[in-house]
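# Summary of structural features
Here are the chains, one letter per residue:
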Amino acid sequence: MIPLQDSLPRRTVPVVTWGLIAVNTLVFLLETALPEPTRELVIQYLGLVPARLTDPVWAAAHGYPPGAYLTLFTHLFLHGGWVHILGNMWTLWIFGDNVEDRMGHLRFLIFYFLCGFVAALVHVHMYPHSTIPTIGASGAISGVLGAYLLMFPAARIVVMIPIFIFPFIFEVPAVFFLVYWYLLQVFSGTLSLALPEPVIEVAWWAHVGGFLAGMFLHRFFCLRGRCYYRDEEIPGVVSYFDRINR
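Let's shift gears to the overall build of the protein chain. Secondary structure summary: the protein chain contains eleven helices and three strands in total. Element order for the protein chain, N to C, with α for helix and β for strand: β-α-α-α-α-α-α-α-α-β-β-α-α-α. A fraction of 78% describes how many contacts in the protein chain between residues 6 or more apart in sequence connect residues 24 or more apart. With the model as given, the accessible surface of the protein chain reaches about 12400 Å², and the carbon-plus-sulfur share is 72%.

Structure follows, in structure tokens:
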């Protein structure tokens, strides 16, 4: 299912969400302008390579400079192709504005990076000896999805399922779409554990870690009185999640 839009209006201008999209897009365009060997070096040195953090001897032997812990954040701004960047930024565009609306701009920015940091740690934990660089904002955006699940479970998400050449478009509750998305990450991550690392192209466990971080941390970042608006209540659905948020 490909999300197209959600049903929630925003009450503030999502300057941080738009800013993150702009910065990620700019960095990606700069990436694409680099010669291929230079681009590979940028990904190697600024991407998240777990072995750099877990095996300093290996890192020194392969010419990695100090400062590996910065890659827990720098990898969030690199992307591997047009599908990668468009998918991530489109998801952030749909779900980020409403979460930022409830948290406020600065708190949302801190929350975003914190979820990305947790997602990176989960990836390092699952693949501690990996020498393959991981890049992309997916871990941080997964945290935004986790927060959205508990903040707006009754929102409606317009999704598309392409069937052959015909797009099938319909609405689903946010709780259904996001739980389905999360379970898909867990299933894919579990399946990936049985595969050799070189063929694993998606950091599934980083998605899982970021999503769970967003679910557990969002309540600490909500502005007082903004975690929930009463005019959005649907009896028996939102009220339960409102108790979680408070």
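This is not the end of the story, as more comes after the structure.
Time to look at the environment of Ile110. Within the secondary structure, Ile110 is located in helix H7 (residues 105-126). Residues Ile110 and Phe221, 111 residues apart in the sequence, show an inter-C-alpha distance of 8.7 Å.

On to helix H10 (residues 204-217). Compared with the 20 Å implied by 1.5 Å per residue over 14 residues, the 20 Å span of H10 between its first and last C-alpha is a close match. Taken together, the buried positions of H10 are occupied by Trp205, Ala206, His207, Val208, Gly209, Gly210, Phe211, Ala213 and Gly214. Here the buried face of H10 lies against H7, helix H8 (138-151) and helix H9 (174-192).

Contact geometry for H8 and H10: axes closest at 6 Å, N-to-C directions at 40°. By the angle between their axes, H8 is oblique relative to H10. When you trace H8 past H10, the crossing you get is right-handed. Within the contact between the two elements, H8 uses Ser138, Gly139, Ser142, Gly143, Leu145, Gly146, Ala147, Leu149 and Leu150 and H10 uses Ala206, His207, Gly210, Phe211, Gly214 and Met215. Each residue belonging to the contact of H8 with H10 can be placed in one class, and the counts come to seven nonpolar, eight polar and no charged.

One ladder, built from four bridges, connects strand E1 (residues 2-6) with strand E2 (residues 156-163); its direction is antiparallel. Opposite Asp6, over in E2, you have Ile157 as the bridge partner. Bridging between E2 and strand E3 (residues 166-173) involves eight bridges; their strand directions are antiparallel. Bridge assignment links Ile163 to a residue of E3, and that residue is Phe166.

On to a nonpolar patch on the surface. Together, Val13, Val15, Trp18, Trp90 and Trp93 make up an exposed nonpolar region whose accessible area comes to about 490 Å². Put simply, the parts of the chain that give the nonpolar patch at least two residues each are helix H1 (15-33) and helix H6 (82-103).

This part covers the packing of aromatic side chains. Following the criterion strictly, the structure yields 15 aromatic pairs and no others. Between the aromatic rings of Phe73 and Phe117, the centroid separation amounts to 5.5 Å while the plane-to-plane angle is 10°, which identifies the pairing as stacked. Pair noted here: Phe73 is in helix H5 (residues 71-74) and Phe117 is in helix H7, with a separation of 44 residues, a long-range link. The partly exposed category is assigned to Phe117, whose relative accessible area is 24%.

The subject of this paragraph is the environment of Val158. Among the secondary structure elements, Val158 is positioned in strand E2. Among the residues examined, Val158 registers a relative accessible area of 15% and is labelled buried. Expressed as a C-alpha distance, the spacing of Val158 and Ser7, which sit 151 residues apart in the sequence, is 7.9 Å. Once you skip the residues sitting within four places of it in the chain, Val158 turns out to touch Ile2, Pro3, Leu4, Gln5, Ile169, Phe170 and Glu171.

So, about the layout of surface pockets. The gaps left among the atoms become clear once a water-sized probe is rolled over them. The calculated volume of the largest pocket comes to roughly 1200 Å³. For the largest pocket, the lining is made up of 45 residues, of which His84, Ser138, Val202, Ala203 and His207 are closest to its centre. Within the residue set of the lining of the largest pocket, elements represented by two or more residues are E1, H6, H7, H8, H9 and H10. Looking at the lining of the largest pocket, the element that brings in the most residues is H6, giving seven residues. Tallied by class, the residues present in the lining of the largest pocket amount to 26 nonpolar, 17 polar and two charged.

All told, the structure shown has four salt bridges when counted by the stated rule. Across the pair Arg156 and Glu171 runs a salt bridge whose closest N-O atoms are separated by 3.4 Å. A residue pair is termed long-range when its members are at least 10 positions apart, and Arg156 in strand E2 and Glu171 in strand E3 qualify at 15 residues.

Calculation notes
- Residues numbered from 1 in each chain as written.
- Predicted model: local features only at pLDDT ≥ 70, side-chain atom pairs only at ≥ 80, totals over all residues.
- Heavy atoms only, no water.
- Helix = DSSP H or I, 4+ residues; strand = E, 2+ residues; numbered from the N terminus.
- Contact = heavy atoms within 4.5 Å.
- Areas by Shrake-Rupley, 256 points an atom, 1.4 Å probe, with all protein chains shown as cover.
- Expected span 1.5 Å × (residues − 1).
- Buried < 20%, exposed > 50% of the residue type's maximum accessible area, 1.4 Å probe, protein only.
- Axes fitted to C-alpha atoms, helices over the stretch in contact; angles between N-to-C directions.
- Parallel < 35°, antiparallel > 145°, perpendicular 65-115°, else oblique.
- Left-handed = near helix turned anticlockwise from the far one by under 90°.
- Nonpolar A, V, L, I, M, F, W, Y, C, P; charged D, E, K, R; others polar.
- Pairing = 2+ DSSP bridges.
- Patch = residues over 30% accessible without salt bridge, like charges linked within 9 Å, V, L, I, M, F, W, Y side chains within 5 Å.
- Salt bridge = Lys/Arg side-chain N within 4 Å of Asp/Glu carboxyl O.
- Phe/Tyr/Trp six-rings, centres within 6.5 Å; stacked < 30°, edge-to-face > 60°.
- 1 Å grid on protein atoms, 1.4 Å probe; cavity = no way out; pocket = protein on both sides within 12 Å on 5 of 7 lines; lining within 4 Å.
- Points joined across faces, edges and corners; volume = space filled by probe spheres on them.

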